[in-house]
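Observations on the three-dimensional arrangement
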Amino acid sequence: MSQDSRRIRLIMDLRNSGVTETAVLSAMERTPRENFVEESFLDQAWANRALPISCGQTISQPLVVGLMTQALELVDRQRVLEIGTGSGYQAAILSRLCRRLYTIERHSDLLAVAESRFTAMSLHNITTQAGDGWKGWPRQAPFDRILVTAAAPVVPQDLVAQLSDDGGIMVLPVGDASSPDQMVVRVTKTGTQLNSEQLFPVRFVPLVEGAADEIEG
Ligand code: SAH
């Protein structure tokens, strides 16, 4: 089967599995996942599954990317923060749906590869930082939307503080990384009011505290 027909089949699968927003489906269709996977997994680039990338991390499953992106309820011209750049795949999709995407990754070598992909794909509205995403990016706050792509045992309060109080939305997997029952949670902030909903179960790599380069040398 050609990559083209694999891509069309994946987009149909996503639609049937609940990714119904046309803008999200279109952003995913226009973002070649083969640019973000390791060479040895190229034949699975459009399969609906998570795949290993370097540094013991993973590129998320397309269905999870679609559902979490949709849960953000992005509207035009927003400023979005992503924690956990990884391969850069989720960032590339978000960048097509917002004004500016800020993304933080603790592994600087993963980030360098992702940055070269953004440049090669002419995605010019992405600003990156190597560091610890637990702390967010205070200098650029507030953000209209925040997406965390690694599982935190609790909702990081620094991120809540950096969410716009004018209907800001944060989507993140919450739960112990070693347990199979992490949940995607959506936190909505209006004034001082926080509303939290549990959306669906997932399994993500852990959101680790501290930047890798400082800790692992
Ligand atoms: N969004 C990525 C998914 C990557 S997996 C993609 O589309 O490919 C999660 C990523 O979060 C990993 O790359 C991991 O290194 C990173 N991560 C974990 N803890 C972090 C932290 N505290 N700050 C920044 N990045 C972190």
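Above: the structure in question.
What counts and what doesn't
Residues numbered from 1 in each chain as written. Predicted model: local features only at pLDDT ≥ 70, side-chain atom pairs only at ≥ 80, totals over all residues. Heavy atoms only, no water. 1 Å grid on protein atoms, 1.4 Å probe; cavity = no way out; pocket = protein on both sides within 12 Å on 5 of 7 lines; lining within 4 Å. Points joined across faces, edges and corners; volume = space filled by probe spheres on them. Helix = DSSP H or I, 4+ residues; strand = E, 2+ residues; numbered from the N terminus. Nonpolar A, V, L, I, M, F, W, Y, C, P; charged D, E, K, R; others polar. Near = heavy atom within 4 Å. Polar contact = N/O pair within 3.5 Å; in protein donor to acceptor, adjacent residues only side chain to side chain. Areas by Shrake-Rupley, 256 points an atom, 1.4 Å probe, with all protein chains shown as cover. Sits in = over half its atoms within 2 Å of the grid points. Buried < 20%, exposed > 50% of the residue type's maximum accessible area, 1.4 Å probe, protein only. Arc of directions from axis to C-beta. Contact = heavy atoms within 4.5 Å. Core = buried A, V, L, I, M, F, W, Y, C linked by side-chain atoms within 4.5 Å. Pairing = 2+ DSSP bridges. Axes fitted to C-alpha atoms, helices over the stretch in contact; angles between N-to-C directions.

This part covers the layout of surface pockets. As a volume, the largest pocket reaches approximately 370 Å³. Taken together, 28 residues form the lining of the largest pocket, with Gln-57, Gly-84, Glu-105, Thr-149 and Ala-150 sitting closest to its centre. Among the secondary structure elements, those contributing two or more residues to the lining of the largest pocket are β2 (58–59), β3 (79–83), α4 (89–95) and β4 (100–105). Of the residues assigned to the lining of the largest pocket, the class counts are eleven nonpolar, 13 polar and four charged.

This part is about the site of the ligand. Taken together, 26 residues surround the ligand, and among them Ser-87, Glu-105, Asp-132, Gly-133 and Val-208 come closest. Within the side chain of Glu-82, one N or O atom sits 3.0 Å away from a nitrogen atom of the ligand. In the environment of the ligand, an oxygen atom lies 3.1 Å from a nitrogen or oxygen atom belonging to the backbone of Gln-90. In isolation the ligand offers 580 Å² of accessible surface; the protein chains occlude 100% of this area. Given that more than half its atoms are within 2 Å of the pocket grid, the ligand belongs to the largest pocket.

A separate point is helix α2 (residues 22–29). When α2 is considered as a whole, its buried residues turn out to be Val-24, Leu-25, Ala-27 and Met-28. Take α2 and look down its axis: the buried residues cluster within an arc of 160°, on one side only. Buried residues along α2 sit against α1 (3–16), α3 (62–71) and α4.

Most of α3 is tucked away, with ten of its ten residues classed as buried. Among the residues of α3, Pro-62, Leu-63, Val-64, Val-65, Gly-66, Leu-67, Met-68, Thr-69, Gln-70 and Ala-71 are the ones counted as buried. Remark: Glu-73 follows α3 within two positions and exhibits a positive phi of approximately 50°.

Another point: the nonpolar core. Ranked by internal contacts, the top residues of the largest apolar core, which has 45 residues, are Leu-14, Met-28, Met-68 and Val-171. Breaking this core down by element, the ones donating at least two residues are α1, α2, α3, α4, α5 (108–120), β7 (166–174) and β9 (193–202). Sequence-distant contacts of Leu-14, that is, excluding residues within four places in its chain, are made with Val-19, Leu-25, Met-28, Asn-48, Pro-62 and Leu-63.

Turning our eyes to something else, we now look at the sheet that holds strand β6 (residues 145–148). One open sheet accounts for seven strands, arranged β5-β4-β3-β6-β7-β8-β9; its pairing is mixed. With partners counted over all chains shown, the strands left at the sheet margins are β5 (126–130) and β9, one partner each. The average undirected angle you get between the axes of adjacent strands in this sheet is 15°. Judged from the eight bridges that link them, β7 and strand β8 (residues 182–190) form a sheet pairing that is antiparallel. Residue pairing in the sheet places Pro-173 in a bridge with Val-184 of β8. Contacts from α5 reach β4 and β5, with the element oriented near 165° to β5.

Here we take up the pairing of β6. Along β6, one buried face is formed by Arg-145 and Leu-147 and the opposite face, lined by Ile-146 and Val-148, is buried too. Looking at chain direction, β3 and β6 are connected through four bridges and run parallel. Paired with Val-80 across the two strands is Arg-145, which belongs to β6. Pairing of β6 with β7, which is carried by three bridges, proceeds in the parallel orientation. What sits directly across from Leu-147, in β7, is Val-171.

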